[in-house]
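Spelled out, the chains give:
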Amino acid sequence: MEQSKALISKLASILDPNLIQELSKKLGYDQRVYGTLKGWGFVNSLIRMVMELGWSGSLTDHCALLQSHYGVMVKEQSLNERFNSRAEKLMKSILEQVLDIQLRQSEPMRLLTQFTDVVLQDATSKELHPSFSGLYKGCGGGASEAGLKIGVSYSLGEGNISLQFLNSASSDTTQCIPEMAAGSLLIRDLGYFKIEDFARIRQMGCSYLSRYRFGVNLYEDAERKEQINLFDLLSKMKENEVISKQVYVGDKQREPMRLILEKVPEQVAAAKRRKLKEDKQNKRKGITKERLAFCDANCYLTNIGEDLLPSPSASTLYGLRWMIEILFKAWKSVGKLAGKVREMQNHRFMCLLYAQFIVL
């Protein structure tokens, strides 16, 4: 309870409650029918709800909280009606302002001076109650019929972060390339692997660094039909050795890229194989012997030259993506995003979701 009180005070210090009140009027939330439960009080109560009860809080709990902390008497049905598109817009707007202010207050990170900016892109998913399938469609199969995918783009140089709420059934490859200035570097998770995107990033005058997707064809040049055999290359390498060579990627669209191949120590390869076998999706599909054997390698594709990215530094540079992985872990543990979501109407769910991220 003290934590929620402190966080609400902090929110009030960076966002003037009077401005939130004005914003709620502008967006149409504060209408006469809402009586004493105005914009700031509504936002305030949502912050308390997600901090103290997470996803488990009911409308009854919310009504009790409003009465005890704010002296507001409201019936469950009346409160539920206040979760509408205007309330959702209000919470989304506040989240965007909080993100912008907090990140502008932090020291921008200039990690790599040879790039205009470094942008990280990744996504995480959360299963929802099946009743939300019309709002966010799930993957189906053994998973829930409803699921939320949270896409994140984080600019290290500018300190900007943007969120996308998508169907968990949607592929990462359908998500857009972030807006980047020429000379920027984009580091994406393997789920975003798309040859057309690599070509577009190059045409934008930007760089990319991606893990190689196993099974994608590699060629020595744009015309020859003979594929490069990565296992042949690995068989000639020693542990910790790293090689680099120019390749052409894909069958129809042979995009020129630089391949960076590292042979990892046996204990590292064993750990990668163990993790691969434990993955739920792989358990359903099965894993080939070739894929398990490829755990002997770290393999990357990029359009960055050796002069800017020495081959042994590729793993270190790609490791920056763990900044987002750590962020996801914090969201799921500290922010209770991993908690079970009860059935509720869509606008109420979205308001609580925005409140969760304001807290985070």
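Everything below is about the structure printed above this text.
Residues numbered from 1 in each chain as written. Predicted model: local features only at pLDDT ≥ 70, side-chain atom pairs only at ≥ 80, totals over all residues. Heavy atoms only, no water.

**What about the overall build of the protein?**
When helices and strands are tallied, the protein shows 14 helices and 9 strands. Counting only residues that meet the buried cut, the protein has 47% of its 360 residues in that class. Long-range contacts, defined as pairs at least 24 residues apart, comprise 65% of the intrachain contacts of the protein with a sequence gap of at least 6. Just so you have it, the protein exposes about 18,500 Å², and 50% of that area is on carbon and sulfur atoms. (Helix = DSSP H or I, 4+ residues; strand = E, 2+ residues; numbered from the N terminus. Buried < 20%, exposed > 50% of the residue type's maximum accessible area, 1.4 Å probe, protein only. Contact = heavy atoms within 4.5 Å. Areas by Shrake-Rupley, 256 points an atom, 1.4 Å probe, with all protein chains shown as cover.)

**Brief notes about the pairing of strand β4 (residues 185–188)**
Along β4, one buried face is formed by L185 and I187 and the opposite face, lined by L186 and R188, is buried too. Pairing geometry for β4 and strand β5 (residues 207–211), over 3 bridges, is parallel. The partner of I187 across the bridge, within β5, is L209. You can see the chain leave β4, run along helix α7 (residues 195–203) and come back into β5, and the turn it takes is right-handed. (Pairing = 2+ DSSP bridges. Right-handed = clockwise from strand over helix to strand, strands pointing away.)

**So, the sheet that holds strand β7 (residues 242–249)**
Two modes of strand pairing occur in sheets, parallel and antiparallel, and in both the strands are linked by backbone hydrogen bonds. Pairing is mixed across the open sheet formed by 9 strands, whose spatial order is β3-β2-β1-β4-β5-β9-β8-β7-β6. Either end of the sheet is taken by a strand with one partner, and the two such strands are β3 (161–167) and β6 (218–219). Bridge analysis of strand β2 (residues 146–155) against β3 gives 7 bridges, and the strand direction is antiparallel. Counterpart to V152 in the pairing with β3 is L163. Strand contacts of helix α14 (residues 346–359): β1 (118–128), β2 and β3, with the helix running at about 150 degrees to β3, the strand carrying the most contacts. (Axes fitted to C-alpha atoms, helices over the stretch in contact; angles between N-to-C directions.)

**Section: the packing of helix α3 (residues 39–52) against α14**
Any two packed helices are characterised by the angle at which their axes cross and by the distance between the axes. At a minimum axis separation of 9 Å, α3 and α14 run at an interaxial angle of 75 degrees. Between α3 and α14, the angle is such that the two are roughly perpendicular. Facing F42, L46, I47, V50 and M51 of α3, the residues of α14 in contact are C351, L352, A355, Q356, I358 and V359. (Parallel < 35°, antiparallel > 145°, perpendicular 65-115°, else oblique.)

**Considerations on the nonpolar core**
Among the nonpolar cores identified, the biggest contains 67 residues, and I94, F165, I187 and F349 are the most heavily contacted of them. No other element matches α14, which puts 9 residues into this core. Among residues more than four places away in sequence, those in contact with F165 are Y136, L148, K149, I150, M350, L353, Y354 and F357. If you look at the next biggest cluster of nonpolar residues, it comprises 28 residues, including M180, L190, M257 and L261. (Core = buried A, V, L, I, M, F, W, Y, C linked by side-chain atoms within 4.5 Å.)

**Digging into α14**
Spanning 14 residues, α14 covers 20 Å between terminal C-alpha atoms, matching the ideal 20 Å at 1.5 Å per step. Counting buried positions over the 14 residues of α14 gives 11, a clear majority of the element. Of all the residues in α14, the buried ones are R348, F349, M350, C351, L352, L353, Y354, A355, Q356, F357 and I358. In this structure Q345 caps α14, since a side-chain oxygen of it lies 2.9 Å from the backbone nitrogen of H347. (Expected span 1.5 Å × (residues − 1). Polar contact = N/O pair within 3.5 Å; in protein donor to acceptor, adjacent residues only side chain to side chain.)

**Topic: the pairing of β1**
Burial analysis of β1 places 9 of its 11 residues in the buried class, which makes it a mostly covered element. Bridging between β1 and β4 involves 4 bridges; their strand directions are parallel. Across the sheet, residue V119 finds its bridge partner in β4, namely L186. Where β1 meets β2, 10 bridges bridge the pair, whose relative direction is antiparallel. Bridging from a neighbouring strand, V119 pairs with S155 of β2.

**Comments concerning the pattern of salt bridges**
What the rule picks out here adds up to 7 salt bridges. The salt bridge involving R258 is made with E306; its shortest N-O contact spans 2.5 Å. Remark: E306 occurs in the loop between β9 (297–302) and α12 (314–318) and R258 occurs in strand β8 (residues 255–263); sequence separation between them is 48 residues. We classify E306 as partly exposed; its relative accessible area is 40%. Linked through salt bridges whose partners overlap, the residues forming this network are E266, R273 and D296. (Salt bridge = Lys/Arg side-chain N within 4 Å of Asp/Glu carboxyl O.)

**Some remarks on unusual backbone geometry**
Of note in the backbone geometry, N240 takes a positive phi value of approximately 75 degrees without being a glycine. Its location among the elements puts N240 in the loop between α8 (230–235) and β7.

**Focus: helix α2 (residues 17–26)**
Buried within α2 are the following residues: I20, Q21, L23 and S24. Down the axis of α2, the sector holding all buried residues measures 165 degrees, keeping them to one side. Every exposed residue of α2 that faces more than 90 degrees away from the buried side is listed here: N18, L19 and K26. For α2, the capping residue at the N-terminal end is D16, with a side-chain oxygen 2.8 Å from the backbone nitrogen of N18. At the exit of α2 stands G28, carrying a positive phi of roughly 90 degrees. (Arc of directions from axis to C-beta.)

**Concerning the packing of aromatic side chains**
Following the criterion strictly, the structure yields 12 aromatic pairs and no others. Ring centres 5.4 Å apart and planes at 20 degrees place the aromatic pair W55 and F349 in the stacked group. On the criterion of sequence distance, the pair formed by W55 in the loop between α3 and α4 (59–70) and F349 in helix α14 is long-range, its members being 294 residues apart. Residue W55 shares its accessibility class with F349, and that shared class is buried. Measuring from ring centre to ring centre gives 6.1 Å for F231 and F294, while their planes differ by 80 degrees; the resulting arrangement is edge-to-face. (Phe/Tyr/Trp six-rings, centres within 6.5 Å; stacked < 30°, edge-to-face > 60°.)

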